[in-house]
Amino acid sequence: MSKPTADWERVGDRFYRKIQLYTSVFDPDLELENYNLVGAPFSGAVAIYRDESRIHSFRGSAAAKPTIDVYSCSGTLINRINWDKGQIQGVGWSEDERLIVVSHDGIVRIYFDLQGDFIPFTLGYGAEEYGVQSCKFWSNGFVALLGNNQLVAVTRYDEPRPSLLATPPTEDVVSWAVIPPAFTLSRSVEALLAIGSSIMTVDASEAEDRMLQNGPFRHISVSPNGKFVAVYTEDGKVWVVTSDFQNRLSEYDSKVKTPPRDLQWCGNNAVLLMWEDEIHLLGPNGAASKFYYDSFVHLVPDLDGSRIFTNDVCEFMQRVPDESEEVFKLGSTSPSSILLDALDHLEKRSPKADDNIQLIRPNLDEAVYTCVRAAGHEYQVHWQKQLLKAASFGKSVIDLYNDVDDFVEMTETLRVLNAVRYYEVGMPLTYEQYIRLTPERLIQRLINRSEYLLALKVSEFLRLPVDKVYVHWAKQKVRKSHDDEDAICRDIVEKLKTKRGVSFEEIAQAAYDEGRRGLAVELLEHEPRAGKQVPILLSVEEDTRALDKAIESGDTDLIYHVLLHLKNKLPLASFFRSINSRPIATALVESSAIDQDQELLKDLYYQDDRRMDGSNLLVNESLQVGDISAKIDKLKSAARIVQDSKEHATQVKAINEAQVLLKMQEAFESDLNEQFSGLSVNETMYKLIRLGNIKRSQKVQTEFKVSDKVYWWIRLRALVSRRDWKELEEIGRAKKSPIGWEPFFGEILSAGNAKLASTFVPKCTNLTMEERMELWEKCGMLNKAGEEALKAKNMDLLQNLRTKANGQQALDIDRMIAQLNKR
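As the structure is a computational prediction, the values presented were derived from the model and not from experiment.

Participant: So what about the overall build of the chain? Which residues, and what values?
Facilitator: Scanning the chain from N- to C-terminus turns up 34 helices and 29 strands. A burial count over the chain gives 50% of its 823 residues as buried. Partitioning the intrachain contacts of the chain with sequence separation of at least 6 by distance along the chain shows that 48% fall at a separation of at least 24. On the chain, roughly 40600 Å² of surface is accessible, and the fraction owed to carbon and sulfur atoms is 47%.

Below is the structure:
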């Protein structure tokens, strides 16, 4: 096994390595010099599309059709996307491996998976008129340069809202780059435009000239961390400056007259200059190393290095990680290097193993940690195992090793990394990229590549949910399977019925989107959550089934949602027919309509032949309106609804009487200029009597056959209320009262007229002597009460009255007591 240092290259005081990842990557017939190649971050997929600026020959009619081919890093074709929107002016990738394609007239498509599904939008701001010249992408957005030098920025892919940056000069842009918002003080994307002999910095608010010379600058590139900028000058030099252009950090003279095709960063500490078959690696302080290839080269920069593609090979160039350098550097005496050497002696059964351990015992913790980290940075499985063995050997010697979790986590991570680096998968992730990407997003990438088995294995191995894997598999089966719908449904249900957390709603939606309506309905039968079933059922126009599912769920909000959908969609008669056989739905419609839609409620009662309810509704409406004519009209309608029904004869009579009363009240209002509307029969008579219209009140009594007893009560209270003592005194002369005379006494006395009230006491002949005495006492006439007691010859009552009396009344009672004693 070759040493890890075999592919190291010293550049200045640092080491860089060029790791061969895959061979025989692309078809030899694919002329890479005629294509643009753009790679997704974190060792993601690469997109290849034809470079329209180069002359090339077509091979058959199919070759003339523009396509964007998506490959894995190992050269496996993942998908071929047909492009029909004109000349492509920009292709880039987001951090979550969404492909963004921008056409010359500003049409943008975001392909959110690797299967060709996309979300379109347009840039606007004159992109269609002036045309898009080029685009620069970062992990979450991009900037488009238009033909009039305007810059249009899209800073989010989930909610793309194009916006204009400040207006730069109108001179030709030689080259340009962008600094992502995360790395700028303004938190706005900044564009660096090489115009004339200087560079302009353009953000959302202003365009600032950096006052540079030695331009025009043929290439500009920003480091992954946004801190440094590399530029290629007119005289063939590369400058590395800080992103604020205040400090020049290094300079390199390429001594090549032909400008390079590309200039990219290799991590944050080196720059790559690329010609057609030659690459210069520029390290700190102007140090450089050159690499030559037999075929055309493409560069794909990444977080911690750069991928290099030719037809024959895919390589990864990066600075040697510190841990790897510490362990493997020739002549290294670091504790980790000695620990690895100790393992070699241990495998050879040499006693020097123990000598090495004793030599580094004080730093054994550090040596173990470094070996574990170095294992993560290695691509060769042999050296991964050796480093982990060395770490295991070291921690077995330590009395109390505290970082067992780090060791176990690294072994798990390496198993995952080795699995996805396999050429059939083609994702050569580094350890640092894996940490930044996260396991969950790695699994999503595997799913997008239809690597379902590996995604399941990795999810189970890392103890992550697997439902997304199964759902994506089922959605793809729905979209691409040519089997009949019953067979597809059977296969999906059989596979997923025992899996927890699987949403059949998503699968059914995919089936509906593919035009497989029947399959969508069948799949929804296996979705246990009604809230997920109902929206799709409505989408596929299974309205009655959706209503039944909502009712079964018991969720009133869900039922209301379906009912509202049906009401807006169906004719009213059809809507009522759909709910007639569903009492819960009918009840909810009724309860909602009572407060919000009276007309709907009327139609519902009419459709259900609920005459009484419909009539009551109109009666209730009549109570709400102020105009008497409108009230009468509504009452007529209410009567008309139930007039043919014998069982509702009483209600019809009551409604007709209400109409008569309203007409009489309308006449009273006209004659007396008083408000009568809204009063009952009794209240109307009461008010008429109070106003002194006895005859009119009697007319009302006659019309509505009010009994004498009720009428006398009303007249008594009305007269007392208006303090008409004369009329009451006149009534008292009558021989008989339908309500008796006690009510007269009580009402008049309550009104404060004890004198008049007392005139009614003798008329209360049906009372006992004691009760009449009580009435006299209430009037304050104790002497009259005494006379009642004297007639009854009741000395006890007289003596009791004597204790309450004073003045003349006391003398009168004394006289009565004396008179009774003589007897």
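After presenting the structure, the write-up continues.
Participant: Can you lay out the pairing of strand β4 (residues 46-50) for me, pointing to particular residues and giving the numbers?
Facilitator: Taking burial as the measure, the 5 residues of β4 include 5 buried ones, the bulk of the element. Here β4 shows no split at all, with Val46, Ile48 and Arg50 on one side and Ala47 and Tyr49 on the other all buried. Direction of pairing for strand β3 (residues 35-39) relative to β4: antiparallel, over a ladder of 5 bridges. Considered in β4, the bridge of Val38 is made with Ala47.

Participant: I'd like a rundown of the environment of Val466, residues and numbers included.
Facilitator: If you trace the backbone, Val466 turns up in the loop between α11 (452-461) and α12 (467-480). Remark: the alpha-carbon pair of Val466 and Val502, spanning 36 residues in sequence, is separated by 8.7 Å.

Participant: Requested: an account of the confidence of the model for the chain, with residues and values cited.
Facilitator: If pLDDT is low for a region, its predicted coordinates should not be looked at in detail. Looking at the chain as a whole, its pLDDT mean stands at 83, while 85% of the residues score no less than 70. Across the chain, strand β28 (residues 306-309) holds the top mean pLDDT of 96, while helix α1 (residues 60-63) sits lowest at 48.

Participant: Account for the sheet that holds strand β10 (residues 118-122), naming residues and giving values.
Facilitator: Judged by pairing direction, the sheet is antiparallel, and its 4 strands sit side by side in the order β7-β8-β9-β10 without closing on themselves. Either end of the sheet is taken by a strand with one partner, and the two such strands are β7 (88-93) and β10. For this sheet, the mean inter-axis angle between neighbouring strands, taken without regard to orientation, is 15°. Bridge count between β7 and strand β8 (residues 99-103): 5 bridges; the pairing is antiparallel. Looking at the pairing, Trp93 lines up with Leu99 of β8.

Participant: Describe a negative patch on the surface, and please don't skip the residues or the numbers.
Facilitator: A cluster of like negative charges, contributed by Glu33, Glu276, Asp277, Asp294 and Asp312, occupies part of the molecular surface. Topologically, Asp277 is positioned in the loop between β24 (271-274) and β25 (278-282). Taking the relative accessible area as the measure of exposure, Asp277 reaches 38% and is therefore partly exposed.

Participant: Could you give an account of the nonpolar core, naming the residues involved and the relevant values?
Facilitator: If you look at soluble globular proteins, the nonpolar side chains tend to sit buried side by side. Ranked by internal contacts, the top residues of the largest apolar core, which has 82 residues, are Leu339, Ile492, Ile507 and Leu523. For this core, the element with the highest residue contribution is helix α6 (residues 364-377), accounting for 7 residues. The residues touching Leu339, leaving out its near neighbours within four places in the chain, are Ile357, Ile360, Leu364, Ala367, Val368, Cys371, Ala390, Ala391, Phe393 and Gly394. Counting 34 residues, the second-largest nonpolar core is a separate cluster that includes Phe676, Met685, Leu688 and Val700.

Participant: Summarise the packing of aromatic side chains; cite the residues concerned and give the values.
Facilitator: Overall, the coordinates contain 11 aromatic pairs when judged by the stated rule. Ring centres of Trp8 and Phe15 lie 5.5 Å apart, and the angle between their planes is 50°; on these two criteria the pair is classed as tilted. Per residue, the accessibility class of Trp8 equals that of Phe15, and both read buried. Ring plane angle 40° and centroid distance 6.2 Å describe the contact between Phe26 and Phe309, whose orientation is recorded as tilted. In this pair, Phe26 sits in the loop between β2 (14-23) and β3 while Phe309 sits in strand β28, placing the two residues 283 residues apart along the sequence. Here a set of aromatic residues connected by ring pairs shows up, and it is made of Phe26, Tyr71 and Phe309. The ring centre of Phe407 lies 4.8 Å from the NZ or CZ of Lys395, which sits over that ring. A cation over a ring is seen here: Arg421 above Tyr379, with NZ or CZ 4.0 Å from the ring centre.

Participant: I'd like to hear about the side chain of His472, residue by residue, with values.
Facilitator: Along the chain, His472 falls in helix α12. Only 2.9 Å separates the side chain of His472 from the side chain of Tyr452, close enough to count as a polar contact. If near-sequence neighbours (up to four positions away) are discounted, His472 is found in contact with Ile447, Asn448 and Tyr452.

Participant: Could you give me a rundown of the packing of α12 against helix α14 (residues 504-513), with the residues and numbers involved?
Facilitator: For any two helices packed against each other, one specifies the crossing angle of their axes together with the interaxial distance. Running from N to C, α12 and α14 point in directions that differ by 20°, and their axes come no closer than 9 Å. What the angle tells us is that α12 and α14 run roughly parallel. Like other packed secondary-structure pairs, α12 and α14 cross with a definite hand, here right-handed. Residues Val471, Ala474, Lys475, Val478 and Arg479 of α12 lie in contact with α14, whose contacting residues are Glu506, Ile507, Ala510 and Ala511. A class-by-class count of the residues in the contact of α12 with α14 yields 6 nonpolar, no polar and 3 charged.

Participant: Describe in detail helix α25 (residues 681-690), supporting the description with residues and values.
Facilitator: Within α25, the full set of buried residues consists of Val681, Thr684, Met685, Leu688 and Ile689. All buried residues of α25 fall inside an arc of 130° around its axis, so they share one side. A positive backbone phi angle near 90° is found at Gly692, which sits one or two residues after α25.

Participant: Talk me through the sheet that holds β3; I want residue IDs and the actual numbers.
Facilitator: Ordered in space as β3-β4-β5-β6, the 4 strands form an open sheet in which the pairing is antiparallel. Of all the strands in the sheet, just β3 and β6 (77-82) have a single pairing partner and so form its edges. If you compare each strand with its neighbour and ignore which way they point, the axes differ by 20° on average. As judged from the 4 bridges shared by β4 and strand β5 (residues 67-71), these two strands associate in the antiparallel manner.

Participant: Please provide a residue-by-residue account of the side chain of Arg307, values included.
Facilitator: In this fold, Arg307 is placed in strand β28. In terms of polar contacts, Arg307 uses its side chain to reach the backbone carbonyl oxygen of Ala40, at 2.5 Å. Beyond its immediate chain neighbours, meaning those up to four positions away, Arg307 contacts Gly39, Ala40, Ser43, Gly44, Val46, Cys73, His298, Leu299, Val300, Asp302, Glu315 and Phe316.

Participant: Now, about the pattern of salt bridges: what can you tell me, with residues and values included?
Facilitator: Between side chains of opposite charge, a pair can form as their charged atoms come close. Under the definition given, this model contains 24 salt bridges. Put simply, Glu95 and Arg441 hold a salt bridge, and the shortest N to O gap is 3.4 Å. With Glu95 in the loop between β7 and β8 and Arg441 in helix α10 (residues 439-448), this residue pair connects regions lying 346 residues apart in the sequence. When its relative accessible area of 27% is taken as the criterion, Arg441 is described as partly exposed. Overlapping salt bridges bring together Arg14, Arg319, Asp322 and Glu325 as one network.

Participant: Lay out helix α13 (residues 485-496) with the relevant residues and their values.
Facilitator: Taking 1.5 Å as the rise per residue, α13 with 12 residues should run 16 Å; its terminal C-alpha atoms sit 16 Å apart, in good agreement. Among the residues of α13, those classed as buried are Ala487, Ile488, Cys489, Ile492, Val493 and Leu496. On its buried face, α13 sits against α12, α14 and α15 (517-524). Measuring from the backbone nitrogen of Asp486 back to the side-chain oxygen at the start of α13 gives 3.1 Å, which picks out Asp484 as the cap.

Here is what the cut-offs are and how they apply
- Residues numbered from 1 in each chain as written.
- Predicted model: local features only at pLDDT ≥ 70, side-chain atom pairs only at ≥ 80, totals over all residues.
- Heavy atoms only, no water.
- Helix = DSSP H or I, 4+ residues; strand = E, 2+ residues; numbered from the N terminus.
- Buried < 20%, exposed > 50% of the residue type's maximum accessible area, 1.4 Å probe, protein only.
- Contact = heavy atoms within 4.5 Å.
- Areas by Shrake-Rupley, 256 points an atom, 1.4 Å probe, with all protein chains shown as cover.
- Pairing = 2+ DSSP bridges.
- pLDDT = per-residue confidence, 0-100.
- Axes fitted to C-alpha atoms, helices over the stretch in contact; angles between N-to-C directions.
- Patch = residues over 30% accessible without salt bridge, like charges linked within 9 Å, V, L, I, M, F, W, Y side chains within 5 Å.
- Salt bridge = Lys/Arg side-chain N within 4 Å of Asp/Glu carboxyl O.
- Lys, Arg positive; Asp, Glu negative; His and termini not counted.
- Charge placed at Lys NZ, Arg CZ, Asp CG, Glu CD.
- Core = buried A, V, L, I, M, F, W, Y, C linked by side-chain atoms within 4.5 Å.
- Phe/Tyr/Trp six-rings, centres within 6.5 Å; stacked < 30°, edge-to-face > 60°.
- Lys NZ or Arg CZ within 6 Å of the ring centre and 35° of its normal.
- Polar contact = N/O pair within 3.5 Å; in protein donor to acceptor, adjacent residues only side chain to side chain.
- Parallel < 35°, antiparallel > 145°, perpendicular 65-115°, else oblique.
- Left-handed = near helix turned anticlockwise from the far one by under 90°.
- Nonpolar A, V, L, I, M, F, W, Y, C, P; charged D, E, K, R; others polar.
- Arc of directions from axis to C-beta.
- Expected span 1.5 Å × (residues − 1).

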